[in-house]
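# Survey of secondary and tertiary structure
One-letter residues, chain by chain:
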Amino acid sequence: MGDSEVVEKLRALVRIPTVSHTDESLIDPAPFEEFRRVLAEAFPLLHERLALHQVRDHSLLFRWEGSGEADPVVLMAHIDVVPIEESAPGQHPPFGAEIHDGAIWGRGTLDDKGSLVGICAAVERLLEQGFVPTRDVWLSFGAREEVSGADAAAAVEELRSRGVAPWFVLDEGGAVAHEAFPGVTSPLGVVGVSEKGTTTIELRAEGRGGHSSTPERGGPTARIARAVVRLEKRPFAPSLPEPTLELFTRIAPHAPLALRPLFANARRLQPLVKRALVLAGPEPAALVRTTMAVTMLSGSPAHNVIASSATAAVNLRILVGDTVASATEHVRKAIADDSIQLDLVDVNEPSPVSPTDDPAFELITSTITELFADAVPTPYVVMAATDSRYFTAICPRVYRFTPFRMTKAQRESIHSHDEHIGVEDFLHGVRWYTRLIERLPA
Ligand SMILES: [Zn+2]
């Protein structure tokens, strides 16, 4: 399968609007069915030689049988994309898959059909050569990643029921990130070894309500407002998890001269590093602490009605080291108001940290070095959530990396507009997946 053919396969799959919605009743199944059909046509050998297990309605789990008995690996990607905002500006149509300036433009090119097609093309090419992997390779392609649907958990259950205990799992998350750190000119091959836990706490204050002509002090709305202000005044204390410390150590030699000593000695200078990152802006601050954002507020339904109940949603991104319990306790203490009820909705602990002093991590990073000689491979903590967090239940080595070069603008285009992948970058990523599979030890 030649390069231009592989590019056409990606374009064909990007054109299919496999949009997920949190309300599953809004999901149109037709594009997912079409995706499956087009994928089967695009990669005939893969579909002929690998065993396919359908997971729930639209997620796919393939097993490629290896020559040996060693623990299998799981390569992941997802089929679905986020909806298009009608008002979003866009240079190129989101499902056009048009080629301009040496790049393929469209929703899902980076997140995450590029990976999905990259993995399939690598497998197809290896099958064409009669290659057999040294151990089983599973491909897990989820159709509800963007809405944290039950598909990934179901895929994990399927593997567990078959007694599959993977050696490692590789999903999206990191990349070959250009302009990743101010002053660091080398791209970083960032491999996610943990991800923050996403949890929401709903705050609720109740009261008498009534007519707005006879207000009472300290009603539900006032107490919720006070709670929100108190939360803003009591952010979480910063901390430097081990992967972040290792990131600083690894990038120190590539940092601007003035920052080198600080990075190289990050372990010893933790208080200073933490303070510097908190002051450097919301993104660096999110690296070193659990964050909370008040997102949904509600109170009275009418101008002349005093609310009998007011609520606020606090969306937490919990850093490894904190837990749902400790973060909830922090919120409770910061609010300091027993009349406010706290309800946990959508609970996710931060993912356990995958090892970096380990042959699986070494295989991934040395393959990065082989294909991206200019990149500095390093572990880091992923800020977003991926389907791979469910796989931590059956595997201690879950890594998050897509083998594509991405500029800052490209990373910002994910879930936004004008998402695009360089044609050469995409093809190079296919070679990375190919080499990773070829290099799997017996
Ligand atoms: Zn994604």
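Whatever comes next refers back to the structure up there.
Let me begin by describing the structure that accompanies this report. (Residues numbered from 1 in each chain as written. Predicted model: local features only at pLDDT ≥ 70, side-chain atom pairs only at ≥ 80, totals over all residues. Heavy atoms only, no water.)

## Some remarks on the coordination of the zinc ion
Around a metal, the idealised angle for a tetrahedral arrangement of four donor atoms is 109.5 degrees; for an octahedral arrangement of six donor atoms it is 90 or 180 degrees. The following threshold applies: With water excluded from the atoms, a metal site may look incomplete; its donors are any N, O or S atoms within 2.8 Å, or within 3.2 Å for Na, K and Ca. Every angle between 85 and 135 degrees makes a four-donor site tetrahedral, while opposite donors more than 155 degrees apart, with all other angles between 65 and 115, make a four-donor site square planar and a six-donor site octahedral; other sites are irregular. Strands here are runs of E lasting at least two residues and helices are runs of H or I lasting at least four, both read from the DSSP assignment and numbered beginning at the N terminus. The buried label goes to any residue with under 20% of its type's maximum accessible area, the exposed label to any with over 50%, and the partly exposed label to all in between, with areas taken from a 1.4 Å probe on protein chains only.
In the first shell of the zinc ion, the protein supplies His78 (NE2), Asp111 (OD), Glu172 (OE) and Glu172 (OE), at 1.8 to 2.5 Å from the metal. For the zinc ion, the 4 donor atoms in the first shell make angles of 55 to 149 degrees at the metal, a pattern classed as irregular. If you list the donors of the zinc ion from N- to C-terminus, the spacing comes out as H-x32-D-x60-E. Separated by 94 residues along the polypeptide, histidine 78 in strand 3 (residues 73-78) and glutamate 172 in strand 7 (residues 168-177) bring together distant segments of the chain. Neither histidine 78 nor glutamate 172 differs from the other in exposure class; each is buried.

## Remarks on the packing of helix 12 (residues 359-371) against helix 14 (residues 423-438)
As a reminder, the rule being used: With axes taken as lines fitted to C-alpha atoms, and helix axes fitted only over the stretch in contact, angles between N-to-C directions fall between 0 and 180 degrees. Each angle gets one of four labels, with under 35 degrees taken as roughly parallel, over 145 as roughly antiparallel, 65 to 115 as roughly perpendicular, and the rest as oblique. Left-handed describes a crossing whose near helix is turned anticlockwise from the far helix through less than a right angle; right-handed describes the clockwise counterpart. Any two residues whose heavy atoms approach within 4.5 Å at even a single point are treated as in contact.
Viewed as axis vectors pointing N to C, helix 12 and helix 14 meet at an angle of 135 degrees, and their least axial separation amounts to 10 Å. If you check the angle between helix 12 and helix 14, you find them oblique. Between helix 12 and helix 14 lies a crossing whose hand is right-handed. Each of Leu363, Ile364, Thr367, Ile368, Glu370 and Leu371 in helix 12 lies in contact with helix 14, whose residues at this interface are His428, Arg431, Trp432, Arg435 and Leu436.

## Considerations on the environment of histidine 92
For clarity, the threshold we go by: The definition of a polar contact used here is a pair of N or O atoms within 3.5 Å, where within protein one atom must be able to donate a hydrogen and the other to accept one, and adjacent residues in sequence count solely through side-chain atom pairs.
As for its position among the elements, histidine 92 is in the loop between strand 3 and strand 4 (98-100). Considered as a pair, histidine 92 and histidine 420 are 328 residues apart in the sequence and their alpha carbons are 9.7 Å apart. The residues touching histidine 92, leaving out its near neighbours within four places in the chain, are Glu98, His100, Trp105 and Asp418. In this structure the side chain of histidine 92 is engaged in a polar contact, spanning 3.4 Å, whose partner is the side chain of histidine 100.

## A few points about unusual backbone geometry
A negative phi holds for most residues other than glycine; trans holds for most peptide bonds. The linkage connecting aspartate 111 with the following residue, aspartate 112, adopts the cis geometry, with an omega of 10 degrees. Residue position: aspartate 112 is located in the loop between strand 5 (103-105) and helix 4 (113-128). Look at aspartate 101: it is not a glycine, yet its phi comes out positive at around 50 degrees. Within the secondary structure layout, aspartate 101 lies in the loop between strand 4 and strand 5. Positive phi outside glycine occurs at glutamate 179, with the angle close to 50 degrees. Mapping glutamate 179 onto the fold places it in the loop between strand 7 and strand 8 (188-195).

## Some points on the packing of helix 1 (residues 3-14) against helix 4
Applied cut-off: Each residue is assigned to one of three groups, with Ala, Val, Leu, Ile, Met, Phe, Trp, Tyr, Cys and Pro labelled nonpolar, Asp, Glu, Lys and Arg labelled charged, and all others, Gly among them, labelled polar.
Where helix 1 meets helix 4, the closest approach of the two axes is 10 Å, and the angle between their N-to-C directions is 140 degrees. Between helix 1 and helix 4, the interaxial angle falls into the category oblique. Every pair of crossing elements has a handedness; the one defined by helix 1 and helix 4 is right-handed. Here Asp3, Val6, Lys9, Leu10, Leu13 and Val14 of helix 1 lie close against helix 4, whose contacting residues are Lys113, Gly114, Val117, Ala121 and Arg125. Residues that form the contact of helix 1 with helix 4 fall into these classes: 6 nonpolar, 1 polar and 4 charged.

## Comments concerning the nonpolar core
Operational definition: By nonpolar core is meant a set of buried Ala, Val, Leu, Ile, Met, Phe, Trp, Tyr and Cys residues that side-chain atoms within 4.5 Å join together.
Within the largest apolar cluster, 69 residues are counted, with the highest numbers of intra-cluster contacts made by Leu139, Phe141, Phe168, Leu170, Phe426 and Trp432. Sort the elements by how many residues they give to this core and helix 4 lands first, with 9 residues. Sequence-distant contacts of phenylalanine 141, that is, excluding residues within four places in its chain, are made with Ser59, Leu60, Phe62, Leu75, Ala77, Ile79, Leu116, Ile119 and Cys120. Leu188, Ile251, Ala266 and Val376 belong to the second-largest nonpolar core, a separate cluster that totals 22 residues.

## Here's the deal with the pattern of salt bridges
Defined as follows: The rule for a salt bridge is simple: a side-chain nitrogen of Lys or Arg has to be within 4 Å of a carboxyl oxygen of Asp or Glu.
For the coordinates displayed, the defined rule picks out 25 salt bridges. Here glutamate 8 makes a salt bridge to arginine 11, at a shortest N to O gap of 3.2 Å. Highlighted residues: glutamate 8 and arginine 11, both in helix 1, separated by 3 residues, approximately one helical turn. Of the residues examined, arginine 11 reaches a relative accessible area of 16% and is grouped as buried. Within the structure, one salt-bridge network assembled from shared partners comprises Glu24, Arg56, Arg144 and Asp151.

## Re the sheet that holds strand 9 (residues 197-206)
The condition is simple: Pairs of strands are assigned from DSSP output, requiring at least two bridges between the strands.
Taken in spatial order, the 4 strands of this open sheet run 11-13-9-14, and their pairing is antiparallel. Looking at which strands have only one partner, the edges of the open sheet turn out to be strand 11 (291-298) and strand 14 (341-345). Averaged over all pairs of adjacent strands, the angle between strand axes in this sheet comes to 25 degrees, irrespective of strand direction. Inspection of the sheet shows strand 9 paired to strand 13 (residues 309-318) by 10 bridges, in the antiparallel sense. Its bridge partner being in strand 13, alanine 205 is matched across the sheet by alanine 310. On the sheet, helix 6 (residues 220-233) packs against strand 9, strand 11 and strand 13 and is oriented at approximately 145 degrees with respect to strand 9. Here helix 11 (residues 324-335) sits on the sheet in contact with strand 9, strand 11, strand 13 and strand 14, set at roughly 150 degrees to strand 14.

## With respect to the environment of tyrosine 399
With respect to the element layout, tyrosine 399 can be found in strand 16 (residues 398-406). With relative accessibility at 0%, the residue tyrosine 399 sits in the buried group. Sequence separation between tyrosine 399 and leucine 203 is 196 residues, and the spatial gap between their C-alpha atoms is 35 Å. A distance of 2.6 Å separates a polar atom in the side chain of tyrosine 399 from the backbone oxygen of proline 355.

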